[in-house]
Amino acid sequence: MPAKKTSTKKTAKPVVKKQVRAASKAAASKGKAETVVAEPAAPPAPKPMEVKLTAAKGRPMLQWVGKKPLSRVTAFPAQLAETFDPSGELATANGASKTGNLYYGDNKEVLAHLLANGCRGKVDLIYIDPPFDSGADYVRKVTLRGKSALAKLEGESYSLGEQVQYTDIWANDNYLQFMYERLILLKELMSEDGFLFLHLNLDRSHYCKSLCDEVFSPDCFHNQIIWKRTAAHADTQGVGNVHDVILVYSKSAEAKLKKTFVPYSPEYIESHYSLADADGRKYQLVDLTAPGPRKGLMYEFKGVWPPTGRVWSTLPDKMDALDKAGRVVITAEGRPRKKQYLDEMSGMPVHDLWDDVHPVNSQALEATGYPTQKSEALLSRIVDLGSNIGGIVLDCFIGSGTTAAVAQKLGRRWIGCDINKGAIQTTSKRLQGIIREQLAEQEQAAAKAKGDLFGGESTDKNVHATPAAFSFRSHRVNDYDMAIQHNEAVALACEHIGVQRTKTDSYFDGTQGKRLVKIIPFNHPLSPTDLEQLKGELKAREKEERDILLVCLGKELACESWLAEWSRLRKRGDVPNKIEVIELRTDPKYGKFMTHAPASAKVSVKRKGSELHVNLEDFISPTIIERLDSQDSRLFKAHVTDWRFLVDCVMIDPAYNGLSFNIALTDLPEKKTDLVNGCYTLPAPEGKTTVAVKIVDMLGEEVVILAEV
Ligand SMILES: C[S@@+](CC[C@H](N)C(=O)[O-])C[C@H]1O[C@@H](n2cnc3c(N)ncnc32)[C@H](O)[C@@H]1O
């Protein structure tokens, strides 16, 4: 049965959600029986819960303007949005408790939700790589799929331009309050012997160390790891900065990090293990003495006494045993030394200077294109150091999903969270790929074991740890469909209205001419509460006489009387600032960029015996076309000859329950030059079923098509 539907989700440009929903409802009411709004059913009425927190009472305490303690938070319920369970293990209680969990939302709310839902004191390792207060917008380069779509013209790759993934522009004090609150919440989630690895750059690390001392106490500080993330640049003026800082804290002062070793570097081996036996076995000669005096260790060995002030490092019988095993060499100076073989050593104990862990190479298989992606090598070391197999690893700034990917590979359970839908999509795709590979490996190993007459354990050192689970769930905490694109929306609004961004003001977003500009978050209309906040802000800045421009999507009716009263006060000379409001939704001059034409797809779904045949026949994304057209319409016409250039991945749930999307099939070509297939065959569930087909385009916009067969 053919099915055609409009988009329900959007990540490319700000969406006027009410308009999109209204359009969907209108389509449904026109009697298109097969066109179903594929949003998860309305969540149960949220039952917020108050979560109590232990106050931070460490010393010293850092002070900043507007520092507020955090002694309680409100926890909202989460809605299950997607499940990935190719092996069907989630149906079992064991599977459900070990599965990975990915949360889409502001981490303050997600952490509160976790605290209210049984995770207090359960997390063994937290790695976070928060925004650094760098004053930058982090963007991802977006390209189309396919060889010809990627063809170069005049040296330029065929790209959709840049998409803001997240903004890292804060007023100083806001950043500290933001981090302070998250650290307090994270501490509550940590198990008694749990660890936090906090990844920062040089500008913020000293402030955050003070915050951690306050929240955890200085007794819980373990290390300040220096990670060399880049080589020096030739054009650097003065002393180049090539490292980040990773602070390590534990929940309790008694917790101990695992002793971990890393392989010796080739340079170390060359300088320390230059000697070899006839069979090539490398060794070095090590001292057999120790500082004295010590009982039982001062004796004559082969006519030699230890030098003054020293004793032998081992008892006489052990020394004889070493000698008998050919492990004692008498040097030219007549001193006994021990042969220490390279192959018997565990490697170099990990220290706090990490210059041997490389960042992600843009050509590497693990590269996702997400800005600020950290390497799996870095996370492997951290996960190894701070947790055991089966332990819970949490990253609430998950970005491209590196922490979850490594935890999954190293047999840990994981929890990830991000406020950016692009990050959630990238992480979900990455984890789907890893889990499918792990299942294939497991199948191969099982097949091999069957044919192995002797059975037994594998001796292959490269075999990965057994995964804690072969599944994960994605949830939403609060409705961020709108809020996620706040960053991109603010950037766009500033660009269209000509606002100069201000990085140092804790309240205003920028200036336009002589006016101060405040952009009201696009997840709610301007309300009298926002206006009262503005009034409070102006009251605190006695000498501020500049006029104010408020930019919002729309405003509540009650704002009219508030603004009228403000004008009256101004005319009377009580307040100096004129307030003007731009409502983007209706503003004839500035509002145009807010309109969004949703993507659409044409899909046919047929049942043939015990099989489902799903054919994706067409996909149209007005947003992508608009972006391409704005670059060069010749390029568009020359290269975009196939709808599949626009599609990043296709997912199918053959038995959609109307609540969450269970990913049974994913078509996500690994290489950017490859296209999705578009034709899929999968086992048909028995009886009448709703098939959901989710298509994600190259800008992250999702279209979900439902068909009953
Ligand atoms: C530096 S990146 C993390 C990169 C990650 N370590 C990786 O390897 O890809 C920081 C991430 O924090 C996210 N973020 C910023 N503020 C957030 C918040 N309040 N809640 C959740 N995530 C947030 C951003 O969207 C961004 O993806």
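Our subject in this report is the structure included herewith.

Ordered by their spatial adjacency, 4 strands build an open sheet running β13-β14-β18-β17, and the pairing between neighbours is antiparallel. Single-partner strands in this sheet number two, and they are β13 (275-276) and β17 (328-330). Examined bridge by bridge, strand β14 (residues 282-287) and strand β18 (residues 336-341) share 5 bridges and lie antiparallel to one another. The residue bridging Q284 from the neighbouring strand is Q340, located in β18.

So, on to the sheet that holds strand β27 (residues 548-552). Think of a sheet as strands paired side by side through backbone hydrogen bonds, with each pair either parallel or antiparallel. In spatial order, the strands read β24-β25-β26-β27-β28; together these 5 strands make up an open sheet with mixed pairing. Unpaired on one side and paired on the other, β24 (500-501) and β28 (579-583) mark the two borders of the sheet. Note: strand β25 (residues 510-512) against strand β26 (residues 515-519), 3 bridges, orientation antiparallel. Looking at the pairing, T511 lines up with L516 of β26.

Further remarks concern the packing of helix α12 (residues 528-540) against helix α13 (residues 558-571). Remark: α12 packs on α13, axes separated minimally by 9 Å, with the N-to-C direction vectors making an angle of 25 degrees. Accordingly, the angle class assigned to the pair α12 and α13 is roughly parallel. Contact with α12, carried on its side by P528, L531, E532, K535 and L538, involves A558, C559, W562, L563 and W566 of α13 and no other residues of that element.

Sheet faces and side chains relate simply in a regular strand, where the side chains alternate between the two faces. Summarising burial for strand β5 (residues 100-104): 5 of the 5 residues are buried, a large majority. Here β5 runs beside strand β23 (residues 472-477); their pairing, made up of 5 bridges, is parallel. Pairing of G100 across the sheet is with F472, part of β23. With 4 bridges joining them, β5 and strand β22 (residues 413-418) adopt parallel strand pairing. Bridging across to β22, Y104 finds its partner in D418.

What follows concerns the pattern of salt bridges. If the charged atoms of two oppositely charged side chains come close together, the side chains can form a pair. Applying the stated rule across the entire model yields 32 salt bridges. A salt bridge links E537 to R541; its shortest N-O distance comes to 3.1 Å. Between D642 and R644 there is a salt bridge, with the nearest N and O atoms lying 3.0 Å from each other. Assessed through its relative accessible area of 18%, D642 is described here as buried. Salt bridges linked by common partners bring D106, K108, E181 and R182 together as one network.

Now for the site of the ligand. The environment of the ligand is formed by 21 residues, the closest being D129, Y370, S400, T402 and D418. Contacts to the ligand include K374, whose backbone N or O atom sits 2.8 Å from an oxygen atom. I419 is positioned with one of its backbone polar atoms (N or O) 3.2 Å from a nitrogen atom of the ligand. Isolated, the ligand exposes 600 Å² of accessible area, and the fraction of that covered by the protein chains is 96%. Among the residues forming the shell around the ligand, the class breakdown is 8 nonpolar, 8 polar and 5 charged.

Conventions used here
- Residues numbered from 1 in each chain as written.
- Predicted model: local features only at pLDDT ≥ 70, side-chain atom pairs only at ≥ 80, totals over all residues.
- Heavy atoms only, no water.
- Pairing = 2+ DSSP bridges.
- Helix = DSSP H or I, 4+ residues; strand = E, 2+ residues; numbered from the N terminus.
- Axes fitted to C-alpha atoms, helices over the stretch in contact; angles between N-to-C directions.
- Parallel < 35°, antiparallel > 145°, perpendicular 65-115°, else oblique.
- Contact = heavy atoms within 4.5 Å.
- Buried < 20%, exposed > 50% of the residue type's maximum accessible area, 1.4 Å probe, protein only.
- Salt bridge = Lys/Arg side-chain N within 4 Å of Asp/Glu carboxyl O.
- Near = heavy atom within 4 Å.
- Polar contact = N/O pair within 3.5 Å; in protein donor to acceptor, adjacent residues only side chain to side chain.
- Areas by Shrake-Rupley, 256 points an atom, 1.4 Å probe, with all protein chains shown as cover.
- Nonpolar A, V, L, I, M, F, W, Y, C, P; charged D, E, K, R; others polar.

On their own, these measurements won't tell you what the molecule is for.
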